[in-house]
Amino acid sequence: MGRARLAELHGVATSYEPAPGQTVRVPEDTVVAVLAALGVDASTPRAVRDALDAHATAVRGRLLPATVVLREGSGRTLPELPEGTRLRVDTEDGRILRWSAGQGTGAEPLPPGSHVLRAQAPDGRSCGAPLIVAPARLPAPPGRGHGFLVQLYSLLSARSWGMGDLADLAEFAAWSGRTFGSDFVQVNPLHAAVPGPPTDPSPYRPSSRRFPDPVHLRVEEIPEFAYLTGAARARADELLAGAAALREAVLRRGELIDRDAVWDLKRRALELVRAVPQSPGRRAAYDDFLAEQGQALDDHSTWCALAEVHGPDWRAWPAGLRDPRSARTARARGELLERVDFHCWLAWLTDGQLAAAQRAARDAGMRVGLVHDLAVGVHPSGADAWAQQDAFAAGMSIGAPPDAFNARGQDWGLPPWRPDALAATGYAPYRELLRGLLRHAGALRIDHVMGLFRLWWVPQGYEPRRGAYVRYDAEAMLGVLALEAHRAGAAVIGEDLGTVEPGVRETLAERGVLGTSVLWFERDYEAGGDGDAHPEPLEPGRWRSGCLATATTHDLPSTAARLTGDHVELRHRLGLLTRPLEEEQREDAMGVAQWLALFGRLGLLPEGPGDEEAAIKAVHRFLLRTPAAMVGIWLPDAVGDRRPQNLPGTWDQYPNWRLPVADASGRPLSLEELAASPRLHALMEEVRAAGGRR
């Protein structure tokens, strides 16, 4: 019981419920390993007793929690304080506000922000703690609207360097906003990747979530590019020719997107541009960016420079360089100052082109504009894991417990944040991350938003099924999110698909976080029996309003593949099915038939059965009948693309994250061809006619 109590005190679950009425105990050695990652020794009965005593002593001696989080206008009750304790709040704007210890609420209303709460007890003890005052709810989208869901790398134009870039994003946003009245463009995570070759193409295993990847730059859009002359200009022209060859290989010869080849060309071009002197105004803007980003940018750029010398896994670097604050790292930073500054400059350029893309979206009438995507974690060898080692749990990986789709569980290979370290820093790493992502966004999508409440930790070397849930302070995580979203005036969309703990969706909705509703999964599960493989589809009026409604996502089959059953054939060819092909096809077809029948009953399929393009229109007519706050159109669906961008469960068996958008025959389409596509225009006219914006 002592170890279980110790685990509870530190937020480590000793059991979990994979389904209602089922309880699975977490192995004892897992509990010990997870507690060790939190700095708690639970290896022996004596160690457990000592840890319990230490925790009790710490609680008794502490006046305030590590961080205090309050909701504006209400608040969280403070722990009991000695009578006569004086409280004051040092606000982020420099004011001092007095508090009443007896009431636990201020005589003056506390403004939203990141403040410091100070306590002075009669016995002489004093302390300060970060105080987060958060709005009760997050900003809502500015009216109902529709928009495209886009994997940016897949959106190549006639000017791309072999993959979609930020200039393509700006162009696409301007076109869709002006042509169809679209309100937003949601993109995949643009986080900085761990450099290759080969670079992991997945945008969900980044080196850093704090800075975007310069591979997304359009080099010609950098002002200094126009001033290249002589040999540098000739070399730049050669690189442009190489970029054209890469682009044509993808768009016309069916080759896969080669991120490493693209970056090799861009890096060499950027080195040329780097030599062009900046104008005084540009230099001043760069200096401002350096000052604003501070230590975080310095750390990121130092890691990038060191990775060029020692490889992209900091855990294999010479011992002194594994510590970002060591004297050896400081010396290396000085020795590599030019390369460090080069990577700072790349971050500045990328930030500027992101800002330009958001301006283009808003100038085109989009009320939201760009919707950025926050991956659930970072690569253990990357820049964030190096720079913020104290914030991550060493030897742990995020994953998922066994479920109906994966009996072994999942290990995603991403180190989790330590909840105690976040609290000890006033959630500074989390606040800074959100602030950076929201700089040039009208909304933010959070992958696996359930991770704000708890995450499945898998100890290194353990099978994924032998992990344990670790709880985070959801009130604090949501409070920080609400504060930063409020500052940015941005809505937040949580990806809440899959196994969701009871009460989580309700809590998210209460705070104004939108959910994600995918058509094929929206069924009346309460009415269906336990053995009913396909409960009836949910009528549009019964959908939740607080959501982004869509037909599919990057991890799911396209709508054309779903309607035709092509996705089942694909999984069969790759050996991913767990049942006979005929059985999978029969069950899949039954599920699709239920939806088509509902579309027919609602008058959404006047063209009749057997017309794939009409059925895709019916899907979107249905989505627009729901009360969803945002309706997302998966860009490949608009042109009949049958291929998924990512096929979970595969690595090199399928070209995940490397496919351009293509038409129904598999022919890649450029941005210009997409803009001229009769099929895309026909679908979007349906969206516009159905009143997708109001």
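Refer to the structure printed above.
This write-up is about the structure you can find in this document. (Residues numbered from 1 in each chain as written. Predicted model: local features only at pLDDT ≥ 70, side-chain atom pairs only at ≥ 80, totals over all residues. Heavy atoms only, no water.)

The helix and strand tally for the chain stands at 20 helices and 21 strands. Here the chain has a C-alpha radius of gyration of 26 Å; the compact-globule value for 694 residues is 26 Å, and the two agree. With the principal axes as the frame, the chain shows a C-alpha extent of 80 × 75 × 50 Å. In the chain, which comprises 694 residues, the proportion classed as buried is 55%. Considering only contacts within the chain whose residues lie at least 6 apart along the sequence, 71% involve residues at least 24 apart. Only carbon and sulfur atoms are counted for the fraction: they give 52% of the accessible area of the chain, which is about 28800 Å². With 78 positive and 89 negative side-chain charges, the chain shows a separation of 3 Å between the mean positions of the two kinds. (Helix = DSSP H or I, 4+ residues; strand = E, 2+ residues; numbered from the N terminus. Rg over C-alpha atoms; globule rule 2.2 N^0.38 Å. Buried < 20%, exposed > 50% of the residue type's maximum accessible area, 1.4 Å probe, protein only. Contact = heavy atoms within 4.5 Å. Areas by Shrake-Rupley, 256 points an atom, 1.4 Å probe, with all protein chains shown as cover. Lys, Arg positive; Asp, Glu negative; His and termini not counted. Charge placed at Lys NZ, Arg CZ, Asp CG, Glu CD.)

Moving on: empty space enclosed by the protein. Evaluation of the coordinates by the stated rule reveals five cavities of 30 Å³ or more. Considered as a void within the structure, the largest cavity measures approximately 210 Å³ in volume. In this structure, the largest cavity is lined by 19 residues; those nearest its centre are Arg209, Val376, Trp417, Gly451 and Leu452. If you add up the space inside the second largest cavity, you get close to 140 Å³. Lining the second largest cavity are 17 residues; nearest its centre among them are Leu149, Gln186, Arg445, Thr553 and His554. Looking at the lining of the second largest cavity, the elements with two or more residues in it are strand S8 (145-150), strand S9 (184-187) and strand S20 (547-550). (1 Å grid on protein atoms, 1.4 Å probe; cavity = no way out; pocket = protein on both sides within 12 Å on 5 of 7 lines; lining within 4 Å. Points joined across faces, edges and corners; volume = space filled by probe spheres on them.)

Before going further, it helps to spend a moment on the packing of helix H17 (residues 581-601) against helix H18 (residues 612-625). Close contact between H17 and H18 brings their axes to 10 Å; oriented N to C, the two are set at 70 degrees. Classified by the angle between their axes, H17 and H18 sit roughly perpendicular to one another. Helix-helix and strand crossings are classified by hand; for H17 and H18 the assignment is left-handed. Between H17, through Trp595, Leu596, Leu598 and Phe599, and H18, the contact on the second element is made entirely by Ala615, Ala618, Val619 and Phe622. Grouping the amino acids of the contact of H17 with H18 by side-chain chemistry returns eight nonpolar, no polar and no charged. (Axes fitted to C-alpha atoms, helices over the stretch in contact; angles between N-to-C directions. Parallel < 35°, antiparallel > 145°, perpendicular 65-115°, else oblique. Left-handed = near helix turned anticlockwise from the far one by under 90°. Nonpolar A, V, L, I, M, F, W, Y, C, P; charged D, E, K, R; others polar.)

Our focus in this paragraph is the packing of aromatic side chains. Applying the stated rule across the entire model yields 18 aromatic pairs. Centre to centre, the rings of Phe148 and Phe172 are 5.2 Å apart; their planes meet at 65 degrees, and the pair counts as edge-to-face. Taken together, the residues span a long stretch of sequence, with Phe148 in strand S8 and Phe172 in helix H4 (residues 166-180) at a distance of 24 residues. For the pair shown, Phe148 and Phe172 are each scored as buried. Their ring planes at 35 degrees and their centres at 6.4 Å tell us that Trp303 and Trp317 sit as a pair that is tilted. Taken together, the positions of Trp303 in helix H7 (residues 280-310) and Trp317 in the loop between H7 and helix H8 (327-335) put the pair 14 residues apart, joining distant regions of the chain. Neither residue differs from the other here; Trp303 and Trp317 are each classed as buried. Within the aromatic cluster, the residues linked to one another by ring pairs are Trp520, Trp543, Trp595, Phe599 and Phe622. We note Arg209 situated over the ring of Trp417; from NZ or CZ to the ring centre the distance is 4.9 Å. Cation over ring: Arg454 sits above Tyr469, and NZ or CZ is 3.6 Å from the ring centre. (Phe/Tyr/Trp six-rings, centres within 6.5 Å; stacked < 30°, edge-to-face > 60°. Lys NZ or Arg CZ within 6 Å of the ring centre and 35° of its normal.)

Moving on to the packing of H7 against helix H9 (residues 337-363). Their axes nearest at 7 Å, the elements H7 and H9 cross at an angle of 125 degrees. Of the possible angle classes, the one that applies to H7 and H9 is oblique. The chirality of how H7 crosses H9 is right-handed. Residues Arg282, Ala285, Tyr286, Phe289, Leu290, Leu297, Asp298, Ser301, Thr302, Cys304, Ala305 and Glu308 of H7 form the contact with H9, whose participating residues are Arg339, Val340, Asp341, His343, Cys344, Trp345, Ala347, Trp348, Leu349 and Asp351.

As a further point, take the sheet that holds S20. An order of S18-S15-S12-S9-S8-S21-S20-S19 is seen for the eight strands of this open sheet, with the pairing classed as parallel. Both edges of this open sheet fall to strand S18 (491-494) and strand S19 (515-518), since each of them pairs with a single strand only. Taken pair by pair, the neighbouring strands of this sheet meet at an average axis angle of 25 degrees, ignoring direction. Note: S19 against S20, four bridges, orientation parallel. Among the inter-strand pairings, Gly515 is bridged to a residue of S20, identified as Cys547. (Pairing = 2+ DSSP bridges.)

This paragraph deals with the side chain of Ser517. With respect to the element layout, Ser517 can be found in strand S19. The buried category is assigned to Ser517, whose relative accessible area is 0%. Within the local environment of Ser517, its side chain forms a polar contact with the side chain of Arg544, the two groups lying 3.0 Å apart. The residues touching Ser517, leaving out its near neighbours within four places in the chain, are Glu522, Trp543, Arg544, Cys547, Leu548, Ala549 and Thr550. (Polar contact = N/O pair within 3.5 Å; in protein donor to acceptor, adjacent residues only side chain to side chain.)

Taking strand neighbours across the sheet as the criterion, the five strands line up as S3-S7-S6-S4-S5 in an open arrangement whose pairing is mixed. The sheet is open, and its two edges are formed by strand S3 (68-71) and strand S5 (96-99), each paired on a single side. Along the sheet, successive strands turn relative to each other by an average axial angle of 30 degrees, direction set aside. As paired strands, strand S4 (residues 86-90) and S5 are joined by four bridges and run antiparallel to one another. Bridge pairing in S5 places Arg88 opposite Arg98. Against the sheet, helix H13 (residues 474-488) engages S3, strand S6 (113-120) and strand S7 (126-134), with an angle of about 60 degrees to S7.

This next bit is on the environment of Thr499. Mapped onto the fold, Thr499 is located in the loop between S18 and helix H14 (504-511). Sequence-wise, Thr499 and Leu63 are 436 residues apart; in three dimensions their C-alpha atoms are separated by 38 Å. Those residues in contact with Thr499 that lie beyond four places of it in its chain are Asp403 and Met450.

Next up on the list: the layout of surface pockets. Computed from the structure, the second largest pocket encloses a volume of approximately 860 Å³. Along its surface, the second largest pocket is lined by 27 residues, and Leu9, His55, Arg62, Asp420 and Ala423 are the ones closest to its centre. Residue assignment for the lining of the second largest pocket shows that the elements contributing at least two residues are helix H1 (2-9), helix H3 (45-61), S3 and helix H11 (419-424). It is H3 that contributes the most residues to the lining of the second largest pocket, four residues altogether. The residue makeup of the lining of the second largest pocket, split by class, is 16 nonpolar, five polar and six charged.

Ranked by size, the top nonpolar core spans 65 residues in total, and within it Leu35, Trp417, Tyr427, Tyr430, Leu452, Trp457 and Leu481 carry the most contacts. It is H13 that provides the largest number of residues to this core, a total of nine residues. Core analysis: the second largest hydrophobic core is formed by 59 residues, Leu152, Trp175, Trp543 and Ile633 among them. (Core = buried A, V, L, I, M, F, W, Y, C linked by side-chain atoms within 4.5 Å.)

Let's shift gears to helix H20 (residues 678-689). In a regular helix each residue adds 1.5 Å, so 12 residues correspond to 16 Å; H20 covers 16 Å between its end C-alpha atoms and thus fits that length. All buried positions along H20 are accounted for by Arg679, Leu680, Leu683, Met684 and Val687. Take H20 and look down its axis: the buried residues cluster within an arc of 120 degrees, on one side only. Residues Pro678 and Ala689 are exposed on H20 and point more than 90 degrees away from its buried face. (Expected span 1.5 Å × (residues − 1). Arc of directions from axis to C-beta.)

Attention shifts here to the pairing of strand S16 (residues 454-459). In terms of burial, S16 is largely enclosed, as six of its six residues are buried. Along S16, one buried face is formed by Arg454, Trp456 and Val458 and the opposite face, lined by Leu455, Trp457 and Pro459, is buried too. Two elements, S16 and strand S17 (residues 468-471), share four bridges in a ladder whose sense is antiparallel. Residue Trp456 lies in a different strand from S17, and its bridge partner there is Tyr469.

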